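Descriptive structure summary
Next come the chains, spelled out residue by residue.
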Amino acid sequence: MKKYLEAVMNFAMYGGLSSEQYHDIVPQKRNENKKRLKTFSLIGVIGFGAVAILNLVTNGFAASNQIFYGITAAAMAIIYLLVSYVVPKHEKLVMPLTYFFIAILNFFAISVALLHSELPAVSIFVFLLAVPLLFVDKPIRMMNIIIFIGVVFCIITRHEKAPEIAEVDVWNMVTFGFVTIVVNLFLMKFKIKALYESKMAVYLSETDVLTGLKNRNQFEKMLQNYQHAFENNLICIYADVNG
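Residues numbered from 1 in each chain as written. Predicted model: local features only at pLDDT ≥ 70, side-chain atom pairs only at ≥ 80, totals over all residues. Heavy atoms only, no water.

1. Remarks on the overall build of the protein
Each helix and strand in the protein was counted, giving 9 helices and 0 strands. N-terminal to C-terminal, the α/β element order of the protein is α-α-α-α-α-α-α-α-α. Taken over the C-alpha trace, the protein has a radius of gyration of 24 Å; the compact-globule value for 243 residues is 18 Å, which it surpasses by more than 25%. Dimensions of the protein, computed from C-alpha atoms along their principal axes, come out at roughly 85 × 55 × 20 Å. When each of the 243 residues of the protein is scored for burial, the buried share is 36%. For the protein, restricting intrachain contacts to residue pairs at least 6 apart in sequence, the fraction spanning at least 24 positions comes to 72%. Summing over all exposed atoms, the protein offers an accessible surface of approximately 15200 Å²; the carbon and sulfur share of this is 67%. (Helix = DSSP H or I, 4+ residues; strand = E, 2+ residues; numbered from the N terminus. Rg over C-alpha atoms; globule rule 2.2 N^0.38 Å. Buried < 20%, exposed > 50% of the residue type's maximum accessible area, 1.4 Å probe, protein only. Contact = heavy atoms within 4.5 Å. Areas by Shrake-Rupley, 256 points an atom, 1.4 Å probe, with all protein chains shown as cover.)

Quick look at the structure:
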């Protein structure tokens, strides 16, 4: 029983890796999330911004949601600028900005759901399912985010919507929330494993397994940067060991 619980905790915390293996891939995880955050925030700026401007000009189909499209587009623009110009010097900001991105998406979805309180919510479930698809993190951390979003949505819905509509939304959230948690657990496992295997592939291609020293592949890779890294002096020591 104890081994089973430990295996479950390990799966939830590290996606099946050991603690040491997981912490070895933290820089890769951070870099992967940084690239995804930059891409998706730019898509968000273009998508939400375009709809906001279009409705401002034409008073179109989403005119009642215009303010939320504008706020979301502005938040996405802030995230994009921070990732582009601040994060390179402060890498630890990647994950807080990732959580902020998720919060903004779901703030938009909940706001739209409340604006059309006479109808069952739709967009919140789409964005909730997107949480495990967009980024990489500890499975348990993403699971907690999903649960938190679901609880907040259910509380607000019960308070703001008619009882019959609120009941539909709550049951939909329970169903989609459970599905999203299951998807999250397995997707995070595969993503974390893929990052670790990618790191190991790079390590084995650049390192002599017997001695642990960098091999010729790594030397030739680093050689291209030497002329830029050492502008004044460069000393090379060559040793040939036979035996």
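What follows continues from the structure just given.
2. Structural notes on the environment of H116
With respect to the helices and strands, H116 occurs in the loop between α5 (94-115) and α6 (123-134). As a C-alpha pair, H116 and Y238 span 122 residues in sequence and 73 Å in three-dimensional space.

3. A short note on α6
With 12 residues, α6 extends 16 Å from end C-alpha to end C-alpha; this agrees with the ideal 16 Å at 1.5 Å per step. Within α6, the full set of buried residues consists of I124, F125, F127, L128, A130, V131, P132 and L134. On its buried side, α6 packs onto α3 (26-58), α5, α7 (139-160) and α8 (163-206). (Expected span 1.5 Å × (residues − 1).)

4. Here's the deal with a nonpolar patch on the surface
A contiguous nonpolar patch, built from L133, F178, V179, V182, V183, F186 and F190 and spanning about 650 Å² of accessible area, is present on the exposed surface. The element best represented in the nonpolar patch is α8, accounting for 6 residues. Within the secondary structure layout, F186 lies in helix α8. (Patch = residues over 30% accessible without salt bridge, like charges linked within 9 Å, V, L, I, M, F, W, Y side chains within 5 Å. Salt bridge = Lys/Arg side-chain N within 4 Å of Asp/Glu carboxyl O.)

5. Side note on the environment of T157
For T157, the location among the structural elements is in helix α7. T157 gets classed as buried once you look at its relative accessible area, which sits at 1%. Not counting residues within four places of it along the chain, the set of residues in contact with T157 comprises A166 and D169.

6. Here we look at α7
Look at α7: 32 Å from first C-alpha to last across 22 residues, which is about the 32 Å you get at 1.5 Å a residue. Taken residue by residue, α7 has P139, M142, I145, I146, I149, G150, F153, C154 and T157 as its buried positions. Across the axial projection of α7, the buried residues extend over an arc of 160 degrees, all falling on one side. Exposed residues on α7 whose side chains face more than 90 degrees from its buried face are F148, I155, R158 and H159. (Arc of directions from axis to C-beta.)

7. Structural notes on the packing of aromatic side chains
Enumeration over the complete set of coordinates arrives at 11 aromatic pairs. Connected via pairs of aromatic rings, a cluster forms that spans F48, Y69, F108 and F127. (Phe/Tyr/Trp six-rings, centres within 6.5 Å; stacked < 30°, edge-to-face > 60°.)

8. Quick look at the nonpolar core
In this structure, F48, F101, I124 and F153 are the most contacted members of the largest nonpolar core, which totals 44 residues. At the level of secondary structure, the elements contributing two or more residues to this core comprise α3, α4 (66-85), α5, α6, α7 and α8. Here this core takes 12 residues from α5, the largest share from any one element. When residues no more than four places from it in sequence are discounted, the contact partners of F153 are I110, A113, A121, I124, F125, D169 and M173. Core analysis: the second largest hydrophobic core is formed by 9 residues, L17, I25, V26 and I192 among them. (Core = buried A, V, L, I, M, F, W, Y, C linked by side-chain atoms within 4.5 Å.)

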